[in-house]
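Structure at a glance
The lines below spell out each chain.
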Amino acid sequence: MPPTDTDPTGRAGTGPAVRTAAQARAAVTAALGRHAAVHARLHGDACLAVTELVTNAIRHAGGVTGFAVRAGAGGSVLTIDVEDADDRHPCGDGSSLKDPTRVGGRGWALVQLVAASCEVHGLAGGGKRIRITLAA
């Protein structure tokens, strides 16, 4: 199943296994690489966001259980799904970005900062899907 698919249960398809942030960044680069003109900021923001989402899934939720990335509108819109087995939603309201003395805890706030939209949905069998959309 290619990484742009969703299986019949509604879970994001993994295609080639995406278990690390580096693999997720490679999938983002590949999805955007299919389009002639890709905005450099979109690629950078998408790599930052997917790194944070996958790292948080590994660190706080036991790993990535599903992953999908879709590029649309000629490569100017990118949708990323990251799933994990933990029902807890990410937390943070952006205030962590304002405290230069804080160590860690900025990932979700950074994702929300660069994404045009962020959704968190529980999955029927447990866990959650975080879907973000980024636009150039």
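Since we're looking at a predicted model, the values are computed, not measured. (Residues numbered from 1 in each chain as written. Predicted model: local features only at pLDDT ≥ 70, side-chain atom pairs only at ≥ 80, totals over all residues. Heavy atoms only, no water.)

Here we take up the overall build of the protein chain. Helix and strand counts for the protein chain come out as 3 helices and 4 strands. Ordered by position in the sequence, the α and β elements of the protein chain form the string α-α-β-β-α-β-β. Evaluated residue by residue, the protein chain yields a buried proportion of 39% over its 136 residues. Within the protein chain, contacts between residues at least 6 apart in sequence are counted, and of these 57% link residues at least 24 apart. (Helix = DSSP H or I, 4+ residues; strand = E, 2+ residues; numbered from the N terminus. Buried < 20%, exposed > 50% of the residue type's maximum accessible area, 1.4 Å probe, protein only. Contact = heavy atoms within 4.5 Å.)

So, about the environment of Cys47. Among the structural elements, Cys47 can be located in helix α2 (residues 40–61). Distance from Cys47 to Ala27, taken between C-alpha atoms, is 9.6 Å for residues 20 residues apart in sequence. Every residue in contact with Cys47, bar those within four places of it in the chain, is listed here: Arg25, Val28 and Thr29.

Bringing the confidence of the model for the protein chain into the picture now. With 82% of its residues at a pLDDT of 70 or more, the protein chain shows a mean pLDDT of 86. Note on residues 1–9: pLDDT under 50 across the span, and 19 contacts to partners over four residues away in sequence or across chains. (pLDDT = per-residue confidence, 0-100.)

Turning our attention to the nonpolar core. Ranked by internal contacts, the top residues of the largest apolar core, which has 29 residues, are Val28, Phe67, Val69, Leu78, Ile80, Val82 and Ile132. Per-element tally for this core: the top contributor is α2, with 8 residues. Once you skip the residues sitting within four places of it in the chain, Ile132 turns out to touch Ala49, Leu53, Leu78, Thr79, Ile80, Val111, Ala115, Ser117 and Cys118. (Core = buried A, V, L, I, M, F, W, Y, C linked by side-chain atoms within 4.5 Å.)

This part covers the sheet that holds strand β3 (residues 117–122). Through backbone hydrogen bonds, the strands of a sheet pair up, either in parallel or in antiparallel fashion. Taken in spatial order, the 4 strands make up an open sheet running β1-β2-β4-β3, and their pairing is antiparallel. Each of the sheet's edge strands pairs with one partner strand only, and the pair in question is β1 (64–72) and β3. Mean inter-strand twist for the sheet, computed between neighbouring axes without regard to direction, equals 10 degrees. Bridge analysis of β3 against strand β4 (residues 128–135) gives 6 bridges, and the strand direction is antiparallel. Each residue of the ladder has a partner; that of Val120, found in β4, is Ile130. In the packing of helix α1 (residues 21–33) onto the sheet, the strands contacted are β1 and β2 (77–84), and the crossing angle to β1 comes to about 20 degrees. (Pairing = 2+ DSSP bridges. Axes fitted to C-alpha atoms, helices over the stretch in contact; angles between N-to-C directions.)

A separate point is the pairing of β1. In the sheet, β1 pairs with β2 via 8 bridges, with the strands oriented antiparallel. Note on β2: the bridge partner recorded for Phe67 is Val82. Counted along the chain from β1 to the antiparallel partner β2, the turn is 4 residues long, and its residue Ala73 has a positive phi close to 50 degrees.

Below, the discussion takes up the pairing of β4. Most of β4 is tucked away: 6 of the 8 residues are buried. Bridge analysis of β2 against β4 gives 8 bridges, and the strand direction is antiparallel. Of the residues in β4, the one forming a bridge with Glu83 is Arg129. Following β3, the chain reverses through 5 residues before pairing antiparallel with β4; Gly126 in that reversal takes a positive phi of roughly 100 degrees.

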